[in-house]
Amino acid sequence: MNSTEPPISPRRRFLVVVLGCVGYACLLGIALDLITANVAVAYFSVHHPRIVETDNPWILALVWGVAASWWFGLIGGIILATINHFRSEPLGPLQILRWVRIASVILWIIMLTILVATLAFAYFMVPLDKRPANFEHDARLIAVAMAHQFEYILGGISLIVIGLRTWFRRSQQPSDSPSRT
């Protein structure tokens, strides 16, 4: 166990990892959707099932940010907690959740980069005189769809990386620190 974390029961360690992963998945979903819903609200209000009767992008971002993310966090959390549970010396949950937090920030940056790059490509490639009346709407909708297209693939890759890191990580023992000679 990580020497900076107090010892906790295996059940609590498992639950902290699972609930932490659900929380970070929802935060990532909300953080992404707060931007994408304001770029193209129709992506959520027209092209998704209506789970709330509103076209308000802020409400849709909160609702869809959680609705589309919690289950991935639950599955990922169970996988990571199980991997950690079967280690000879389980890592502390905060160590694993730190990796999840870092991965969430990286995924958010990647997805926003895809959004901006897709919009830039559309505006760069289609001359002003060739743009139809619905160009702005369609470009925004496509950019948001592209940003979301890789969401679960990137999440799966992150899950594999964090799972491998959890399994192969050496336990943080005081004797693990390099000696000063």
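Above this text is the structure in question.
Residues numbered from 1 in each chain as written. Predicted model: local features only at pLDDT ≥ 70, side-chain atom pairs only at ≥ 80, totals over all residues. Heavy atoms only, no water.

Caption draft 1: A look at the overall build of the chain. Along the backbone of the chain there are seven helices and zero strands. Each helix and strand of the chain, ordered N terminal to C terminal, gives the series α-α-α-α-α-α-α. Since a compact globule built from 181 residues should have a radius of gyration of about 16 Å, the 20 Å found for the chain marks it as more spread out than a globular shape. Along the longest, intermediate and shortest principal axes, the C-alpha atoms of the chain span 70 × 45 × 20 Å. Per-residue burial over the chain gives 40% buried out of 181 residues. (Helix = DSSP H or I, 4+ residues; strand = E, 2+ residues; numbered from the N terminus. Rg over C-alpha atoms; globule rule 2.2 N^0.38 Å. Buried < 20%, exposed > 50% of the residue type's maximum accessible area, 1.4 Å probe, protein only.)

Caption draft 2: Quick peek at empty space enclosed by the protein. Within the structure shown, the criterion is met by two cavities of 30 Å³ or more. Taken as a whole, the largest cavity holds about 310 Å³ of empty space. A25, L28, F72, L107 and G155 are the residues nearest the centre of the largest cavity, which is lined by 24 residues in total. Looking at which element gives the most residues to the lining of the largest cavity, the answer is helix α7 (residues 151–168), with seven residues. Its residues assigned to classes, the lining of the largest cavity comprises 15 nonpolar, eight polar and one charged. The space that makes up the second largest cavity amounts to roughly 30 Å³. Lining the second largest cavity we find P10, R13, F14, V17, A81, N84 and H85. Secondary-structure elements contributing two or more residues to the lining of the second largest cavity are α1 (10–39) and α4 (70–85). The element contributing the most residues to the lining of the second largest cavity is α1, with four residues. (1 Å grid on protein atoms, 1.4 Å probe; cavity = no way out; pocket = protein on both sides within 12 Å on 5 of 7 lines; lining within 4 Å. Points joined across faces, edges and corners; volume = space filled by probe spheres on them. Nonpolar A, V, L, I, M, F, W, Y, C, P; charged D, E, K, R; others polar.)

Caption draft 3: Quick look at the pattern of salt bridges. Enumeration over the complete set of coordinates arrives at three salt bridges. Among the ionic pairs, R50 bridges to E53, the shortest N-O distance being 3.4 Å. Assessed through its relative accessible area of 69%, E53 is described here as exposed. A salt bridge links D55 to R50; the nearest nitrogen and oxygen atoms lie 3.2 Å apart. (Salt bridge = Lys/Arg side-chain N within 4 Å of Asp/Glu carboxyl O.)

Caption draft 4: Molecular detail of the packing of α4 against α7. Running from amino to carboxyl end, α4 crosses α7 at an angle of 15°, the nearest separation of the two axes being 9 Å. In terms of their interaxial angle, α4 and α7 are classed as roughly parallel. Classified by chirality, the crossing of α7 by α4 is right-handed. On α7, the residues touching W71, F72, G76, I79, L80, I83 and N84 of α4 are Y152, G155, G156, L159, I162, G163, T166 and W167. Looking at side-chain class alone, the contact of α4 with α7 contains nine nonpolar, six polar and no charged residues. (Axes fitted to C-alpha atoms, helices over the stretch in contact; angles between N-to-C directions. Parallel < 35°, antiparallel > 145°, perpendicular 65-115°, else oblique. Left-handed = near helix turned anticlockwise from the far one by under 90°. Contact = heavy atoms within 4.5 Å.)

Caption draft 5: Molecular detail of the environment of G73. Among the secondary structure elements, G73 is positioned in helix α4. The buried category is assigned to G73, whose relative accessible area is 3%. For the pair G73 and G23, spaced 50 residues apart in sequence, the C-alpha separation works out to 7.3 Å. In contact with G73, not counting residues within four places along its chain, are V18, C21, V22 and A25.

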